[in-house]
Amino acid sequence: MNSSVVPLAADSSSLAPAAQHAELQRALAGLLAGETDLIANAANFAALVYTTLPGLNWAGFYFLRGNELVLGPFQGRPACVRIAMGRGVCGTAAARRVSVLVADVHEFPGHIVCDTASRSELVVPLLDGGRLIGVLDLDSPVPARFTAVDQAGMEAAVRLLLEACQAR
Ligand code: SME
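The paragraphs below set out a description of the structure included in this document. Keep in mind that this is a model prediction, so the values were computed, not measured. (Residues numbered from 1 in each chain as written. Predicted model: local features only at pLDDT ≥ 70, side-chain atom pairs only at ≥ 80, totals over all residues. Heavy atoms only, no water.)

## Looking at the overall build of the chain
For the chain, the count of helices and strands is four helices and six strands. Going from the N terminus to the C terminus, the chain shows its helices and strands as α-α-β-β-β-α-β-β-β-α. Since a compact globule built from 168 residues should have a radius of gyration of about 15 Å, the 15 Å found for the chain is in line with a globular shape. Among the 168 residues that make up the chain, the fraction classed as buried is 45%. Looking at the chain alone, contacts between residues at least 24 apart form 54% of all its contacts between residues at least 6 apart. With an accessible surface of roughly 7800 Å², the chain has 55% of that area assigned to carbon and sulfur atoms. (Helix = DSSP H or I, 4+ residues; strand = E, 2+ residues; numbered from the N terminus. Rg over C-alpha atoms; globule rule 2.2 N^0.38 Å. Buried < 20%, exposed > 50% of the residue type's maximum accessible area, 1.4 Å probe, protein only. Contact = heavy atoms within 4.5 Å. Areas by Shrake-Rupley, 256 points an atom, 1.4 Å probe, with all protein chains shown as cover.)

## What about helix 2 (residues 38–52)?
A rise of 1.5 Å per residue sets the reference length of helix 2, with its 15 residues, at 21 Å; its end C-alpha atoms lie 21 Å apart and thus fit the reference within 8%. Along helix 2, the residues classified as buried are Asn41, Ala42, Phe45, Ala46, Leu48, Val49 and Thr52. Looking straight down helix 2, one finds that the buried residues subtend no more than 165 degrees of arc, so they occupy a single side. Where helix 2 is buried, its residues touch helix 1 (17–32), strand 1 (58–65), strand 2 (68–76), strand 6 (131–140) and helix 4 (148–166). Measuring from the backbone nitrogen of Ile39 back to the side-chain oxygen at the start of helix 2 gives 3.1 Å, which picks out Asp37 as the cap. (Expected span 1.5 Å × (residues − 1). Arc of directions from axis to C-beta. Polar contact = N/O pair within 3.5 Å; in protein donor to acceptor, adjacent residues only side chain to side chain.)

## Comments concerning the pairing of strand 6
Among the 10 residues of strand 6, nine are classified as buried, and the element is accordingly described as predominantly covered. Taking the residues between adjacent antiparallel strands as the criterion, strand 5 (residues 120–128) and strand 6 are bridged by two residues, where Gly129 takes a positive phi near 65 degrees. (Pairing = 2+ DSSP bridges.)

## Side note on the pattern of salt bridges
Under the counting rule described, the total for this entry stands at six salt bridges. Linking Asp115 and Arg77 is a salt bridge whose minimum nitrogen-to-oxygen distance equals 4.0 Å. Here Arg77 lies in the loop between strand 2 and strand 3 (82–84) and Asp115 lies in the loop between strand 4 (100–102) and strand 5, a separation of 38 residues in the sequence. Accessibility expressed as a relative area gives 11% for Asp115, which makes it buried. (Salt bridge = Lys/Arg side-chain N within 4 Å of Asp/Glu carboxyl O.)

Here's what the structure looks like:
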């Protein structure tokens, strides 16, 4: 991270969702500037999202290791470490290589419970060209917390992350 640019973890809960994501992306660009390490950038990404987007109880990453997803940097309660491709919301997003937005996790067949408080979930795949690197997972205790605006915002944020890590 560029040490002269330390984005404040602003409380954006009073902003409209689109403005929350615009603010998040602005802060994220500062956090990622000058750093290419994926683990370091993913850790700061998770911390920024968790402390700025309202209504989350978990935010973090699973990375593809062989044919399964393995827990990466996150904020929230300890979580399951390994998820098979195609299993749960994370494994489904990874296998299909598309974002999965779940309004009620109780209605999602095969949902993997890490925190019983979670009621809705958004998972965005990390794709480097066509290559799957892992997934971003957001959980909320609020039913139907995530919308298409959140999905588009987090897809844009993930692109910023991957671009920063490719920069040489
Ligand atoms: N609920 C996820 C598992 C990961 S935790 O929520 C952090 C799933 O069904 O894939």
